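# Observations on the three-dimensional arrangement
Read off the chains here:
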Amino acid sequence: MSLEFNKAFAAVLTAGIAFMAAGVIGTQLVKPHRLHEPAIALGAVAPTAVPAAAPAALEPIGPLLAAASADNGRVIAGRVCGSCHTFTDGGRAGVGPNLYGIVGNHHAHMAGFNYSAGMKAKEGQPWDYEALNTFIAGPARAIPGTRMAYGGMNSTAQRADLIAFLRSLASTPAPLP
């Protein structure tokens, strides 16, 4: 038994010496060119950085709502919004508030929901069609400091369909513009 232990120890020791010798010989044979300064500067902003361009103005959503499909909007809402929001009358809040009756209602409309400071600051303003359009296109751009982690919806037609669906979530839907 002790002879087997000695063989294993000798194998590990021999491998270590072989790797060390290969490293020493390798550094003698290959002399890499060392840079005088780092190739990548960390933590410093490049002085030639171009400032971010202002976001393009959104196309008005009002003219598209007459032809928008609430059924397509229902599918979009289920796929994009359904994991955080509910859509039923008197429904509970999920990660986000219940969106039943949102069109025409005021910002931060659901009592008892913990809204972000940015949303609470807009509490008296109504969720009209253009406000919804702007928010769905980019929540963080529309209301800085919002807790909504959604990045935004680029397609104007999909936003119109989604807003048409949200409009249908009321006992008396808000009139079209």
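As a starting point, this report considers the structure included with it. (Residues numbered from 1 in each chain as written. Predicted model: local features only at pLDDT ≥ 70, side-chain atom pairs only at ≥ 80, totals over all residues. Heavy atoms only, no water.)

## Quick notes on the pattern of salt bridges
For the coordinates displayed, the defined rule picks out 1 salt bridge. For Lys-7, the salt bridge identified is with Glu-4, shortest N-O distance 3.7 Å. Here Lys-7 and its partner Glu-4 are both found in helix H1 (residues 2–29), 3 residues apart, which amounts to about one turn of the helix. (Salt bridge = Lys/Arg side-chain N within 4 Å of Asp/Glu carboxyl O. Helix = DSSP H or I, 4+ residues; strand = E, 2+ residues; numbered from the N terminus.)

## Description of the nonpolar core
Judged by nonpolar contacts, the single largest core of 29 residues is most densely connected at Phe-87 and Leu-166. Contributions of two or more residues to this core are made by helix H3 (70–81), helix H5 (129–137) and helix H7 (156–168). Residue contributions to this core peak at 6 residues, all from H7. Setting aside anything within four residues of it in sequence, one finds Leu-166 in contact with Phe-87, Leu-99, Ile-102, Val-103 and Ile-136. (Core = buried A, V, L, I, M, F, W, Y, C linked by side-chain atoms within 4.5 Å. Buried < 20%, exposed > 50% of the residue type's maximum accessible area, 1.4 Å probe, protein only. Contact = heavy atoms within 4.5 Å.)

## As for the state of the cysteines
Enumeration according to the criterion identifies 0 disulfides in this entry. Free of any disulfide, Cys-84 has its nearest cysteine sulfur in Cys-81, 8.6 Å distant. (Disulfide = S-S within 2.5 Å.)

Interpretation in functional terms is not warranted from these geometric data alone.
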